[in-house]
Each structure stands twice: as structure tokens, then as C-alpha cells.
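Listed below are the residues making up each chain.
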Amino acid sequence: MRIVDRLTLPGALGAALLAEARRAPSIEVCGLIADGGAPSPAHYPIANRASRAVDRFEMDPAGQIAAFKRMRRHGHTLIAIYHSHPGGEAEPSIHDRRGHTYPEAAAVIVAPNARVGRLIRAWKLAGDMPCEIPIEWTDPPPPGGFL
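Keep in mind that this is a model prediction, so the values were computed, not measured.

## With respect to the pairing of strand β2 (residues 30-35)
- Of all six residues making up β2, five are buried, and the element is well covered by its neighbours.
- As paired elements, β2 and strand β4 (residues 77-84) share six bridges and run antiparallel to each other. Within β4, the residue paired with Asp35 across the bridge is Thr77.

## Quick notes on helix α1 (residues 11-23)
- The end-to-end C-alpha distance of α1, which contains 13 residues, comes to 18 Å, matching closely the 18 Å that a straight helix rising 1.5 Å per residue would cover.
- Three or more residues of α1 are buried, namely Gly11, Leu13, Gly14, Leu17, Leu18, Glu20 and Ala21.

## As for helix α2 (residues 61-73)
- With 13 residues, α2 should reach 18 Å at 1.5 Å per residue; the first-to-last C-alpha distance of 19 Å fits that figure.
- Buried within α2 we find Gln64, Ala67 and Met71. Within α2, the buried residues cover an arc of 60° as seen down the axis, which keeps them to one side. Away from its buried face, by an angle of more than 90 degrees, α2 presents the exposed residues Ala62, Ile65, Arg72 and Arg73.
- Considering only its buried residues, α2 is in contact with β2, β3 (42-46) and β4.
- Looking one or two places after α2, you find Gly75, whose phi comes out positive at around 75°.

## Description of the side chain of Arg121
- Mapping Arg121 onto the fold places it in strand β6 (residues 120-124).
- At 2.7 Å, the side chain of Arg121 forms a polar contact with the side chain of Glu132.
- Residues in contact with Arg121, not counting those within four places in the same chain, are Ala90, Glu91, Ala107, Val108, Ile109, Glu132 and Ile135.

Scoring rules and cut-offs
- Residues numbered from 1 in each chain as written.
- Predicted model: local features only at pLDDT ≥ 70, side-chain atom pairs only at ≥ 80, totals over all residues.
- Heavy atoms only, no water.
- Buried < 20%, exposed > 50% of the residue type's maximum accessible area, 1.4 Å probe, protein only.
- Helix = DSSP H or I, 4+ residues; strand = E, 2+ residues; numbered from the N terminus.
- Pairing = 2+ DSSP bridges.
- Expected span 1.5 Å × (residues − 1).
- Arc of directions from axis to C-beta.
- Contact = heavy atoms within 4.5 Å.
- Polar contact = N/O pair within 3.5 Å; in protein donor to acceptor, adjacent residues only side chain to side chain.

Below, the structure written as C-alpha cells:
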């Protein structure tokens, strides 16, 4: 798998990620984003089992295995791992950088309460410094957008 350097996502997916994050305002939500099959791209929410879920995420192992099996059935390939920052910005924390175990997948961060910048941003977390990856939205974002 090559390292993703640009993401092309439907606005409906962005709206779904924001809605998921807003439904759980006191914890980081998390999951996988995959491409290649139908529907595409698709997201696979996974329960956060971190003991400090307010500012960390740890995907439920059984949920993660089940998501990868569903991805395989649908012909999908992992392109990103997403999670939310309920009270912060859409920028990777030191915990995000240390815990990103799929360096070829982008890290998509959803920050529904961001005070500065965009509500959804993508990052490459391979190497020492995070590098922002542009997201191209293929259809109009919802009212209020992601900016």
C-alpha cells in the first residue's frame, strides 16, 4: 500500500464523521475509512476502548477485526484512520503521532468544536513531523461546511 498524499472524499462522508463526533461530545470517536469498492469511500465506526477516551482513542480489537473483514468483503482498501478531538483542534497530538500504527494510511481528525481552522483535516503521520494532506470534497459540504 502506498502512502496517501491526497484524499478525495464525498461531502456526505464528512457530514457523517462530524455527526458521529457530535453525538459523542465527551469521547474521541474512531474508525476506518476505506476506498475501492461500493459504496466508496466508506467509513467503518469502531468503539473506542481507551481508558482516557476523552483525549485518546484505542480501537476495540474485535471491532477492528470485524471492520477489516467487512472491508475485504466489499473490496475496500484502508486509506485513513479517523478519530475526533472533542475539545480541541483537528491537529495530531503527541499521542496520535506515537500511536499511529498504519503509517501508509492518512490520519483524519474531526474537531467539531474547533476554534481555529477547519473542522476536518487529514495528516500523514509517517516520520518525525506530521504533514497535512489536502482533502478534496467531491460534492458540496453541508450548510456551515467543514471550514
